[in-house]
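# Structure assessment
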Amino acid sequence: MPSASDTTSVSTTDPTPVGDRSRRGSMLLKAVGLVALTVAVLSFPAVAANPFILSVGVVIMSYAVLATSWNFVGGFTGYISLGHASYSGLGAYATGLLVIHTSMNPWLAMLLAGLVVAVLAVPIGIASLRVRGASFVIVSIALVLILLLVFQSWGSFTGGSNGLRVPRPFGPEVLRPEQHERFFYLHAALLAVALLVWWLIDRSRFGTGLKAIREDEDKAQALGVPTFTYKLIAFVVSAFFTALGGGMYALWFGFLDPIFQFSILVGSYMVLMSLLGGIRSLFGPFLGAVIVGYAVEYFKNQYGDTQFHLVAMGLLLGLVVLFMPDGIIPAATALVDRFRPQRTSIREVSAADLAEQRRTADPEAARADQQSRTDDGTDVPDASAETSTGAATDNDSPTVTEGARR
Amino acid sequence: MTATSEAAGPAAATPTTPSLATVDLKKSFGGVHAVDGATVTFHHGKVNALIGPNGSGKTTFFNCVTGMIKPDSGSVSYRGADITGKAPHRIARAGIGRSFQLCRIFPRMTVMENMLVAVRSTSLRRQLASARNAEELDRARGLLARVGIEHLEHSLARDISYGQQKLLELAGVLMGDPDTIMLDEPAGGVNPALIDRIATLVRSLNAEGKTFIVVEHNMELVMSLSDHVVVFDRGRPICEGTPTVVQSDPRVLEAYLGI
């Protein structure tokens, strides 16, 4: 049994204590960060200078909900949907129409709209998740365009291009700034729920299966992951939360126009925000929403009705893809990690790598030395093995490791 | 049994029962008959090898058997049950684990996360529970230790060496606790020392009752490792038997050496 090899014998000397300490440290850091984030979000309405800034805050939170919801399918499974505006739009219209025609409680209407969209997402998912990559993107865009045409043309039901006025959930005695404040907290609560569900999935077996699909779908299936069912569940959950986000936006904004609800741009923003923050990070889409949401409002404010904000967004997306393909959060984490004590000791990696290099460089000698170890199982420190590991461990200069790891 | 099969041991004493079997399996891509009427039986509890020249249909055969591609006709059965055309994850959970020709791991997941992918039960409660429960982690660490890479637990799979990735792939397959393990070129692209380590692993796992079906080009390894060898040429078996029988068969020499 080759249970112990040269690499293991070197490594078992110390990595666990360092690993435990840094893990406990990072957990503390995470808890502090979470509290700070919550305080920052909840205190925003109090520090917002005027109702306009507060309304920008609501827009950003709405984007954060949509991007985080998008990330259930984009981040976990790697299926990039550019057409998630379908679900936010359907959620918005379903909420509005339910409130108008049944005069039911607006929050109940929003929840019901979310469930209706989730049910609709089942056949849509079954049809569209059969294809991967670019084909999936195109199918998702096609759906938005179809819905745009339907909602524009079916004027008698949807209000068509004239738009749909959605009654506000709060009475006339609640003034605009108060409305914004309430909706800011409501969006924050919805975001918190979406983040909690994302986190629960992330740590579950189901989530591990989804991430495996993102990395290599066929391989995941060969390991017993029912890939199609998993993708479909993630897709439906994503559509559900996206629809809730759309519904809440409808209740806040009070007016729906198909051209803005079923727009490729809204779907692209969800993708851009998530990519910018980092699709594999819990808070990635949120961070992206803050940056992109703020930038959009800033550019609109500066350049008025021109299309300049679109150019700026395009540039931003280009920069992200070129320089931070994994997003800001992973890039920042990697930067921080570089200044931290290594979780796995420098020594063991360099020993393994050096041994590997030696083997490729000089297969004959390496073979002879390796054989003496693998054959009798335990790590016998014969002359050649001693020199090889000895040389590697003594020579643990960071430059060697840096070079070998990168 | 021949003297060369060291791993045979107790398994060789028991009468052979069919593990995986195919009847008249066919698969063509356009005009190419990749698998052309293959009727093969692999033996339970043995190390079976599948050899043949490049393009003889071994990998297509593997893919048909594991459900990655649907065969055009013919049938596949596993321990008596028909599994023809079933989805890969169902075949995996029926007890057949497999590796891929060019080692496939999940590059941006850690070594430990790679280990936790294999699904043994799809009960809802189990799927929604945390992936990192103590029992599962212990099992994963045990298997990583067995293949000798337990110290890399926290590394990203893309950062470890190719040889270590091969070992990780094998350990990941073992997490699913398969009865039968299909290895597609386990020795491809790895150094001789690692080949020895993989061979030792296969022998010890076989001694514990795992059945192996190995596609391999390294003849030295095939002859020393296997109990039963099936030789493929142009999509169908041309000869099978113990390594010594196969080695001296004129059809094999012709297929391989063109004489």
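Note that this is a predicted model, so its numbers are computed, not measured. (Residues numbered from 1 in each chain as written. Chains lettered and ligands numbered in written order. Predicted model: local features only at pLDDT ≥ 70, side-chain atom pairs only at ≥ 80, totals over all residues.)

### Section: the overall build of chain A
- A tally of regular secondary structure across chain A gives 20 helices and 2 strands.
- For chain A, the residues scored as buried account for 44% of the 406 residues in total.
- Long-range contacts, defined here as pairs at least 24 residues apart, represent 77% of the contacts in chain A between residues at least 6 apart. (Helix = DSSP H or I, 4+ residues; strand = E, 2+ residues; numbered from the N terminus. Buried ≥ 20, exposed ≤ 12 C-beta atoms within 10 Å, placed from the backbone. Contact = placed C-beta atoms within 7 Å.)

### A closer look at the overall build of chain B
- The helix and strand tally for chain B stands at 11 helices and 10 strands.
- A globule of 259 residues ought to have a C-alpha radius of gyration of about 18 Å, and chain B, at 18 Å, matches this closely.
- Principal axes of the C-alpha set define a box for chain B whose edges measure 55 × 40 × 35 Å.
- Counting all 259 residues of chain B, 52% fall into the buried class.
- In chain B, 71% of the contacts between residues at least 6 apart in sequence involve partners at least 24 apart. (Rg over C-alpha atoms; globule rule 2.2 N^0.38 Å.)

### Quick look at helix H6 (residues 134-147) of chain B
- Between its first and last C-alpha, H6(B) extends 20 Å over 14 residues, near the 20 Å set by a 1.5 Å rise per residue.
- Gly148(B) sits one or two residues past H6(B) and shows a positive phi near 90°. (Expected span 1.5 Å × (residues − 1).)

### Thoughts on the packing of helix H14 (residues 284-303) of chain A against helix H15 (residues 308-323) of chain A
Residues and elements named next belong to chain A.
- Across the interface, H14 lies against H15 with an axial gap of 8 Å and an inter-helix angle of 145°. Crossing hand, H14 versus H15: right-handed. Touching Ala295, Val296, Phe299, Lys300 and Tyr303 of H14 are Phe308, His309, Ala312, Met313 and Leu316, all from H15.
- Broken down by class, the residue content of the contact of H14 with H15 amounts to 8 nonpolar, 1 polar and 1 charged. (Axes fitted to C-alpha atoms, helices over the stretch in contact; angles between N-to-C directions. Left-handed = near helix turned anticlockwise from the far one by under 90°. Nonpolar A, V, L, I, M, F, W, Y, C, P; charged D, E, K, R; others polar.)

### As for the pairing of strand E10 (residues 236-241) of chain B
All names here are of chain B.
- Here strand E9 (residues 228-233) pairs with E10 via 5 bridges, running antiparallel. The residue of E10 that forms the bridge with aspartate 233 is arginine 236.
- Turn length for the E9-E10 hairpin, with the two strands adjacent in sequence and antiparallel, is 2 residues, and the turn residue arginine 234 shows positive phi of about 50°. (Pairing = 2+ DSSP bridges.)

### Some points on the sheet that holds strand E4 (residues 73-78) of chain B
Residue and element names in this part refer to chain B.
- As summarised here, the arrangement of the 4 strands in space is E2-E1-E4-E5, forming an open sheet in which the pairing is antiparallel. Only two strands of the sheet have a single partner each, and these edge strands are strand E2 (32-43) and strand E5 (81-82).
- Inspection of the sheet shows strand E1 (residues 18-29) paired to E2 by 8 bridges, in the antiparallel sense. Across the sheet, the residue bridging to lysine 27 is valine 35, located in E2.

### Section: the packing of H6(B) against helix H7 (residues 162-175) of chain B
Residue and element names in this part refer to chain B.
- Axis separation between H6 and H7 bottoms out at 9 Å; the angle between their running directions is 140°. Our classification of the angle between H6 and H7 gives oblique. Viewed along their axes, H6 and H7 form a crossing whose handedness is right-handed. Across the interface between the two elements, Ala140, Leu143, Leu144 and Val147 of H6 pack against Leu167, Leu170, Ala171, Leu174 and Met175 of H7.
- Split into classes, the residues belonging to the contact of H6 with H7 amount to 9 nonpolar, no polar and no charged. (Parallel < 35°, antiparallel > 145°, perpendicular 65-115°, else oblique.)

### A word on the environment of Ala81(B)
- Positionally, Ala81(B) belongs in strand E5.
- As for Ala81(B) and Leu20(B), which are separated by 61 residues in sequence, their C-alpha atoms are 9.5 Å apart.

### Examining the environment of Ala67(A)
Residues and elements named next belong to chain A.
- Locating alanine 67 in the fold gives a position in helix H3 (residues 51-77).
- Classification of alanine 67 as buried rests on a count of 34 C-beta atoms within 10 Å.
- Taking the C-alpha atoms as reference points, alanine 67 and tyrosine 269, 202 residues apart in sequence, are found 7.9 Å from one another.
- Once you skip the residues sitting within four places of it in the chain, alanine 67 turns out to touch Met270, Met273, Ser274, Pro285, Gly288 and Ala289.

### A closer look at H7(B)
- Spanning 14 residues, H7(B) covers 20 Å between terminal C-alpha atoms, matching the ideal 20 Å at 1.5 Å per step.
- Taking burial as the measure, the 14 residues of H7(B) include 13 buried ones, the bulk of the element.

### Observations concerning the domain arrangement of chain B
Residues and elements named next belong to chain B.
- Domain parsing of chain B yields domain 1 (11-95 + 178-257) and domain 2 (103-170).
- Domain 1 and domain 2 are separated by 26 Å when their C-alpha centres are compared.
- In this complex, domain 1 contributes 7 residues to the contact, which on the side of domain 2 involves 7 residues.
- Top element by residues in the side of domain 1 that touches domain 2 is helix H8 (residues 192-207). It accounts for 3 residues.
- Looking at the side of domain 1 that touches domain 2 residue by residue, the classes come out as 3 nonpolar, 2 polar and 2 charged. (Domains from an automatic or database assignment.)

### Some details on the pairing of E9(B)
Residue and element names in this part refer to chain B.
- Burial within E9 is extensive, with 6 of its 6 residues counted as buried.
- Taking every second residue as pointing to the same face, both faces of E9 are buried, with His228, Val230 and Phe232 on one and Val229, Val231 and Asp233 on the other.
- Note that strand E3 (residues 47-51) and E9 share 4 bridges and pair parallel. Within the sheet, the bridge partner assigned to leucine 50 lies in E9 and is valine 230.

### As for the confidence of the model for chain A
All names here are of chain A.
- Looking at chain A, pLDDT values average 82 and 78% of them are 70 or higher.
- Per-residue pLDDT stays below 50 along residues 345-349; that stretch engages in 18 contacts with residues further than four places along the chain or on separate chains.
- Under a pLDDT of 50 for its full length, residues 362-406 has, in the predicted model, 61 contacts with residues more than four places off or in other chains. (pLDDT = per-residue confidence, 0-100.)

### Examining unusual backbone geometry
Residues and elements named next belong to chain B.
- A positive phi is found at aspartate 24, a non-glycine position, where the angle reads about 50°.
- Looking at the secondary structure, you find aspartate 24 in strand E1.
- Backbone geometry at glutamate 185 places phi at a positive 50°, although glycine is not the residue there.
- Mapped onto the fold, glutamate 185 is located in the loop between strand E7 (180-184) and H8.

### Some words on the sheet that holds E3(B)
Residue and element names in this part refer to chain B.
- The strand order across the open sheet formed by 6 strands is E6-E7-E8-E3-E9-E10, and the pairing between neighbours is mixed. Each edge of the open sheet carries a strand with a single partner, namely strand E6 (96-98) and E10. Neighbour to neighbour, the strand axes of the sheet diverge by 20° on average, direction disregarded.

### Thoughts on the nonpolar core
- Counting 163 residues, the largest nonpolar core has Tyr63(A), Val117(A) and Ala171(B) as the members making the most contacts within it.
- Excluding residues that lie within four positions of it along the chain, Val117(A) makes contacts with Tyr87(A), Leu90(A), Gly91(A), Ala94(A), Ala239(A), Phe240(A) and Ala243(A). (Core = buried A, V, L, I, M, F, W, Y, C linked by C-beta atoms within 7 Å.)

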